[in-house]
Amino acid sequence: MTMAHRLLPVLAFTLFAAAPASAKPAPAAPAATPFSIGKIKFVALRDMSNVVPNDGSVFGVGVPTDQVAAVLRAHGAATDQIPLGVDALLAILPGHVVLLDTGLGPKVGGVLPLSFAEAKVTPASVTDILITHSHGDHIGGLLTKEGGLAFPNATIRMSAPEWAFLQAKGSKATVEALRPKIKTFEPGAEVVPGIRSVPLPGHTPGHSGYLIGTGKDALLDIGDTAHSSIISLAKPDWPIQYDTDEAEGRTQRKAELAKLAAGRRRIFAPHFPYPGVGYVVKAGDGYAWQAELPK
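Going along each chain's sequence as written, the residues are numbered from 1 onward. Thresholds applied to this predicted model are a pLDDT of at least 70 for local features of residues and 80 or more for the giving and counting of side-chain atom pairs; totals over whole chains, interfaces and linings are not thresholded and use all residues. Values reported for side chains reflect all heavy atoms of the structure, with hydrogen atoms and water molecules removed beforehand.

### A short note on the pairing of strand β15 (residues 286-291)
In step 1: Here 6 bridges tie strand β14 (residues 277-283) to β15, and the two strands are oriented antiparallel to one another. Bridge pairing in β15 places Tyr279 opposite Gln290.
In step 2: If DSSP finds at least two bridges between two strands, the strands pair. Going along the chain from the N terminus, every DSSP run of H or I of four or more residues is numbered as a helix, and every run of E of two or more is numbered as a strand. Hairpin connection from β14 to β15: 2 residues lie between these consecutive antiparallel strands, with Gly284 at a positive phi of about 60 degrees.

Spelled out as structure tokens, the structure:
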């Protein structure tokens, strides 16, 4: 039995804020995929996977599971479960080494530190961590297995509404461990030179995307605006249990997907198939995923 398998049962989500309880973490091999857009260097980093059963508890809440299965089948996917990546993104800008989200973390077998090693980047070199939102599969990797700071020299940045949400809903121990490093911002603010936050509330109150770069040389980290590269895109109207505010989450998802497709905006989606870089394109009444790394 591997170390990752032994760690999986260890309080996967109770140490962190309101992570999806119906997803089961699954081990993944470390991976680091470098690419560049304009003058900005990026590295997609793998942490783990989550496997969600097709039982009506998460995707298509209230929709018959055979309808969900039909959508999965039409895309050549298994019909009994919905696998989600749990990945992070590194952006290297002048004077800043920026990590966007941190995965589930080493307490449950996350391999982000090993992916950093694959990228030949040290955690100590990270200057800024941008948190899309405070669910455990995005903030779990902020702490080591021993509870210390995994990125000791980094300022942890999240929107003011999200920090308030984490303080209200999260583990007290986690909140206190992170508090000295937290710096909040107002939704829509520039968070570091060259990166602007994009308010995308609904999934959580302070859920934020991050637009890195400008114009055609830009990449948008959409956070959890969409989870499944199949279901979330093909059926954006279907409720998802993970959204704190179901109605606002649905409205935000539909509006953002429409903008992404119309503007052909390149995105990073941390739960889409690794490395999670590509485009949302119009497909029938919904959308589809076009994976594409910059050439």
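Okay, back to it.
### Some thoughts on the nonpolar core
In step 1: The biggest cluster of nonpolar side chains holds 25 residues, and the ones touching the most others in it are Leu45, Leu90, Leu99, Phe116, Val126, Ile129 and Phe151.
In step 2: Of all elements in the fold, only β3 (40-53), β4 (81-93), β5 (96-100), α3 (112-119), β7 (155-159), α5 (160-169) and α6 (172-178) reach the threshold of two or more residues within this core.
In step 3: In this view, Val126 contacts Leu90, Val97, Leu99, Phe116, Phe151, Asn153 and Ala154; residues no more than four positions away in its chain are not counted. For this analysis, a nonpolar core means a set of buried residues of the types Ala, Val, Leu, Ile, Met, Phe, Trp, Tyr and Cys, connected via side-chain atoms within 4.5 Å. Here's how the labels work: a residue is buried when its accessible area is under 20% of the maximum for its type, exposed when over 50%, partly exposed in between, all with a 1.4 Å probe on protein chains only. Here a residue-residue contact requires only that any non-hydrogen atoms of the pair lie within 4.5 Å.

### Structural notes on the environment of Glu248
In step 1: Looking at where Glu248 falls in the secondary structure, it is placed in helix α8 (residues 246-263).
In step 2: Distance in space between the C-alpha atoms of Glu248 and Pro205 is 9.6 Å, their sequence separation being 43 residues.
In step 3: In contact with Glu248, other than residues within four places in its own chain, are Pro201 and Gly202.

### What to know about the pattern of salt bridges
In step 1: One side-chain nitrogen of Lys or Arg within 4 Å of one carboxyl oxygen of Asp or Glu is enough to make a salt bridge. Counted under the stated rule, the structure contains 8 salt bridges.
In step 2: In this structure, the salt-bridge partner of Arg179 is Glu176, at a minimum N-O distance of 2.9 Å.
In step 3: Arg179 sits in the partly exposed class, given a relative accessible area of 35%.
In step 4: Look at Glu176 and you get partly exposed, because its relative accessible area is 41%.
In step 5: Here Arg264 makes a salt bridge to Glu292, at a shortest N to O gap of 3.8 Å. Of this pair, Arg264 sits in the loop between α8 and β13 (267-268) while Glu292 sits in the segment after β15, and the two are 28 residues apart along the sequence.

### Quick notes on unusual backbone geometry
In step 1: The omega angle of the peptide bond from Tyr274 to Pro275 is 10 degrees, so this bond is cis rather than trans.
In step 2: Looking at where Pro275 falls in the secondary structure, it is placed in the loop between β13 and β14.
In step 3: Unlike most non-glycine residues, Asp101 shows phi in positive territory, near 65 degrees.
In step 4: Residue Asp101 is classed as buried on the basis of its relative accessible area, which comes to 1%.

### Remarks on the side chain of Asp128
In step 1: Checked against the element boundaries, Asp128 lands in strand β6 (residues 128-130).
In step 2: For Asp128, a relative accessible area of 2% translates into the label buried.
In step 3: Definition of a polar contact: a pair of N or O atoms within 3.5 Å, with one able to donate and the other able to accept a hydrogen when the atoms are protein atoms, and with sequence-neighbouring residues admitted only if both atoms are side-chain atoms. A polar contact is formed between the side chain of Asp128 and the side chain of Arg157, at a distance of 2.9 Å.

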